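# Chain and residue survey
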Amino acid sequence: MKTDALFFQLFGRYPEAFFELQGQPGSLAKSYRFASLELKETAQRLDGAFLPHEPGLPTYFVEVQFYSYREVYANLLAKIYLYLKQNDPALDFRGVVLFASRSLEPKELGPYRPLLESGHVVPYFLDELELAETTPLGLSILQIVTCAEEVTLTHGRNLIQRARCEIPVPETARKMIEWIETAIMYKLPQMGLQEIQAMLLVDDIRKIRVFQQGVEEGREAERQLLLATSIPQLLAKGIAENDIATIFRIPLESVRAFAESKGAESN
């Protein structure tokens, strides 16, 4: 999958990420519709645009750039002005370019500097995003495509846990988890989907839901069986004991007890 398609898929599923990138509240996404726009009587297309539902809000046009392209600003602005000509010449707009890194931004900025300085065109460099535990989910998700390969799975696992906790609509959370899987397959093409799902605990998350249901309904035997089979599997995948205890909401000592009992059986 092309990188730009990956990002436009994300913005379609979770538009909050686009506004969090700009330091705005993700709730602003409710005031917009994300769309791909066909320019009449041309062969050009604006792949990503946030169209406001309410008057007074700017229209955002989005470009994703993961390779060197000297004409990126000229190309984006040509399509924006054509859209304005065909729809509303007085339209308030913002052009947003998502660069994988600063090195991909063109060096010759003279013709575009007034628009860059006024904020009508804004570049973002995804590899320079500074993330912390308090960083909004959408902004954290954006970085998974540019983070180092050695931390991709760890970052993906954290994002999946956050998506489950922070996205209140189950269907939206499911689609976000699927997008994270797709993004990691893009980053790590040598790994298959099943292997990625195993490393991300996606399959295990389904087991955990069964476990939680068993707790709620008081099925102690089912609960113990699931713990006895799942905990050794997770440990074998390299998941830390503390993380397993957090996932299942059980004491660390219980994790170690199940691990030791499995080891004794194998001996």
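To keep things clear, this report deals only with the structure shown in the data block. Because the structure is a prediction, the values reported are computed rather than measured. (Residues numbered from 1 in each chain as written. Predicted model: local features only at pLDDT ≥ 70, side-chain atom pairs only at ≥ 80, totals over all residues. Heavy atoms only, no water.)

## Quick notes on the overall build of the protein chain
The helix and strand tally for the protein chain stands at twelve helices and five strands. Residues classed as buried in the protein chain amount to 46% of the 267 residues present. Once local pairs closer than 6 in sequence are excluded, the contacts in the protein chain between residues at least 24 apart make up 60%. Surface accessibility of the protein chain: about 14000 Å² in total, with carbon and sulfur atoms responsible for 51%. (Helix = DSSP H or I, 4+ residues; strand = E, 2+ residues; numbered from the N terminus. Buried < 20%, exposed > 50% of the residue type's maximum accessible area, 1.4 Å probe, protein only. Contact = heavy atoms within 4.5 Å. Areas by Shrake-Rupley, 256 points an atom, 1.4 Å probe, with all protein chains shown as cover.)

## As for the environment of Glu241
Tracing the chain through its elements places Glu241 in helix H11 (residues 241-248). Each C-alpha atom of the pair Glu241 and Ser254 lies 9.8 Å from the other, and the pair is 13 residues apart in sequence. Discounting residues that sit within four places of it in the chain, Glu241 has contacts with Leu235, Leu252, Val255 and Arg256. In terms of polar contacts, Glu241 uses its side chain to reach the side chain of Arg256, at 2.9 Å. (Polar contact = N/O pair within 3.5 Å; in protein donor to acceptor, adjacent residues only side chain to side chain.)

## Thoughts on the packing of helix H1 (residues 3-13) against helix H7 (residues 170-187)
Axis separation between H1 and H7 bottoms out at 10 Å; the angle between their running directions is 170°. The angle between H1 and H7 falls in the class roughly antiparallel. Two secondary-structure elements touch here, H1 through Thr3, Leu6, Gln9, Leu10 and Arg13 and H7 through Thr172, Lys175, Met176, Glu178, Trp179, Thr182, Ala183 and Tyr186. Per-class residue counts for the contact of H1 with H7 are six nonpolar, four polar and three charged. (Axes fitted to C-alpha atoms, helices over the stretch in contact; angles between N-to-C directions. Parallel < 35°, antiparallel > 145°, perpendicular 65-115°, else oblique. Nonpolar A, V, L, I, M, F, W, Y, C, P; charged D, E, K, R; others polar.)

## A closer look at helix H3 (residues 72-87)
Taking 1.5 Å per residue as the helical rise, H3 with its 16 residues ought to reach 22 Å, and the 23 Å between its terminal C-alpha atoms agrees with that figure. By the burial criterion, the buried members of H3 are Val72, Tyr73, Leu76, Leu77, Lys79, Ile80, Leu82, Tyr83 and Leu84. Packing partners of the buried residues in H3 comprise strand E1 (32-38), strand E2 (45-52), strand E3 (59-65), strand E4 (93-99), helix H4 (113-118) and strand E5 (121-125). (Expected span 1.5 Å × (residues − 1).)

## Some words on the packing of helix H6 (residues 149-166) against H7
In contact at an axis separation of 9 Å, H6 and H7 are set at 175° when each is read in the N-to-C sense. Here H6 is positioned roughly antiparallel relative to H7, judged by the angle of their axes. Between H6 and H7, the contacting residues are Glu149, Thr152, Leu153, Gly156, Leu159, Ile160, Ala163 and Arg164 on the first element and Ala173, Met176, Ile177, Ile180, Ile184 and Lys187 on the second.

## Remarks on the pairing of E3
Within a regular strand, the side chains alternate between the two sheet faces. Of all seven residues that make up E3, seven are buried, and the element is covered over most of its length. Side chains Thr59, Phe61, Glu63 and Gln65 of E3 all project onto a buried face; the interleaved residues Tyr60, Val62 and Val64 project onto the opposite face, where all are buried too. Of the strand pairs in this sheet, E2 and E3 are connected by three bridges, and their pairing is antiparallel. In the strand pairing of E3, Phe50 is matched with Tyr60. Turn length for the E2-E3 hairpin, with the two strands adjacent in sequence and antiparallel, is six residues, and the turn residue Gly56 shows positive phi of about 95°. The β-α-β motif built from E3, the intervening H3 and the parallel element E4 has right-handed crossover chirality. (Pairing = 2+ DSSP bridges. Right-handed = clockwise from strand over helix to strand, strands pointing away.)

## Observations concerning the pattern of salt bridges
The tally for this structure, following the rule as stated, stands at eight salt bridges. Linking Arg70 and Glu108 is a salt bridge whose minimum nitrogen-to-oxygen distance equals 3.7 Å. Separated by 38 residues along the polypeptide, Arg70 in the loop between E3 and H3 and Glu108 in the loop between E4 and H4 bring together distant segments of the chain. The closest approach of N and O atoms between Glu128 and Arg102, which form a salt bridge, is 2.9 Å. With Glu128 in the loop between E5 and helix H5 (137-142) and Arg102 in the loop between E4 and H4, the pair connects residues that are 26 residues apart, well separated along the chain. A relative accessible area of 39% places Glu128 in the partly exposed class. Classification of Arg102 as partly exposed rests on a relative accessible area of 44%. (Salt bridge = Lys/Arg side-chain N within 4 Å of Asp/Glu carboxyl O.)

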